[in-house]
Amino acid sequence: MRVLHLSDTHGYHRRLTDLPEADVAVHSGDFCMVGSEAEAIDFMNWFCDLPYAHKIFICGNHDDCLSGANIDGLDSNVHYLCNSGIEIDGVMFYGVPMFMGDCVTGRQQRNIEKIPADIDVLITHSPPYGILDSDDNINYGDELLLTKVVEVQPQFHLFGHIHARHGIVKGHRITFSNGAIMNSDYSQLLHPNLLTI
């Protein structure tokens, strides 16, 4: 299974043309810039129209307009994961969003603690601490998330959030993908990550 990983498009998704072939497209959040409902709807319309057999997305900190939302009307092959999972061709995907209300109330920690053990691909917006999470020599990743990921041992952990650390690395017997394709100063879209599961 080939997985196309995107993140942090911040309203510029329609500039993405000639995306590579894959079986599943995953967007790990921050498809909005200011977090408006119009931005979210435009993204979902674009995402639904992509020519991939399956499409999965979660929300990031810029997508707060969808906090608590019940998203109806998506195509049957488009999956919105909000502390939930979906199995596709024997591969279990699980997604944890990053809503600001969850971060300031402690719900985000509880959501991380509930990540199940029987998953193959974990999708979060935030990176785990110390892995593709630094900018200006500061690590912005989540320490509890790192502990949970190492405990659960998914084959892949897909995230974004930190624009300066786009890329793929391996460690702890896990492949980590930071798919933030908008560069640090929001001037250029980078190439999406392509993974084989």
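Our structure is the block above this text.
Residues numbered from 1 in each chain as written. Predicted model: local features only at pLDDT ≥ 70, side-chain atom pairs only at ≥ 80, totals over all residues. Heavy atoms only, no water.

1. What to know about the nonpolar core
As a rule of thumb, nonpolar side chains are buried together in soluble globular proteins. Of all hydrophobic cores here, the largest spans 24 residues; its most connected members are Leu19, Phe31, Trp46, Phe47 and Phe57. Secondary-structure elements contributing two or more residues to this core are strand S1 (2-6), helix H1 (37-49) and strand S4 (78-80). Of all the elements, H1 adds the most residues to this core, at six residues. Each residue touching Leu19, except ones within four places of it in the same chain, is listed here: Leu4, Leu6, Trp46, Leu50, Tyr52 and Pro192. Listed in part, the 15 residues of the second largest apolar core include Ile112, Phe159, Ile174 and Phe176. (Core = buried A, V, L, I, M, F, W, Y, C linked by side-chain atoms within 4.5 Å. Buried < 20%, exposed > 50% of the residue type's maximum accessible area, 1.4 Å probe, protein only. Helix = DSSP H or I, 4+ residues; strand = E, 2+ residues; numbered from the N terminus. Contact = heavy atoms within 4.5 Å.)

2. Topic: helix H4 (residues 143-152)
Listed as buried for H4 are Leu145, Leu146, Lys148, Val149 and Val152. Across the axial projection of H4, the buried residues extend over an arc of 170 degrees, all falling on one side. Along H4, the residues that are exposed and aim more than 90 degrees away from the buried face are Glu143 and Glu151. Buried positions along H4 lie against helix H3 (107-113), strand S7 (121-124), strand S10 (156-159) and strand S12 (174-178). (Arc of directions from axis to C-beta.)

3. Brief notes about the pattern of salt bridges
Tallying each qualifying case throughout the model produces three salt bridges. As a salt-bridge pair, Arg107 and Asp102 come within 2.7 Å of each other at their nearest N and O atoms. Residue classification places Arg107 among the partly exposed positions, given a relative accessible area of 36%. One salt bridge in this structure joins Lys148 and Glu151, with 3.4 Å as the shortest N-O distance. (Salt bridge = Lys/Arg side-chain N within 4 Å of Asp/Glu carboxyl O.)

4. Looking at the pairing of strand S11 (residues 167-171)
As paired elements, S11 and S12 share five bridges and run antiparallel to each other. By the bridge assignment for S12, Ile168 is matched with Ser177. (Pairing = 2+ DSSP bridges.)

5. Remarks on the sheet that holds S4
Whenever strands of a sheet pair, they do so through backbone hydrogen bonds, lying parallel or antiparallel. Taken together, five strands build an open sheet; the order of strands is S4-S3-S2-S1-S13 and the sheet is mixed. Only two strands of the sheet have a single neighbouring strand rather than two, namely S4 and strand S13 (193-196). Strand-to-strand twist of the sheet, defined as the mean angle between neighbouring strand axes without regard to direction, takes the value 20 degrees. Sheet strands in contact with H1 are S1, strand S2 (24-27), strand S3 (54-57) and S4, and its direction is about 155 degrees off that of S3. (Axes fitted to C-alpha atoms, helices over the stretch in contact; angles between N-to-C directions.)

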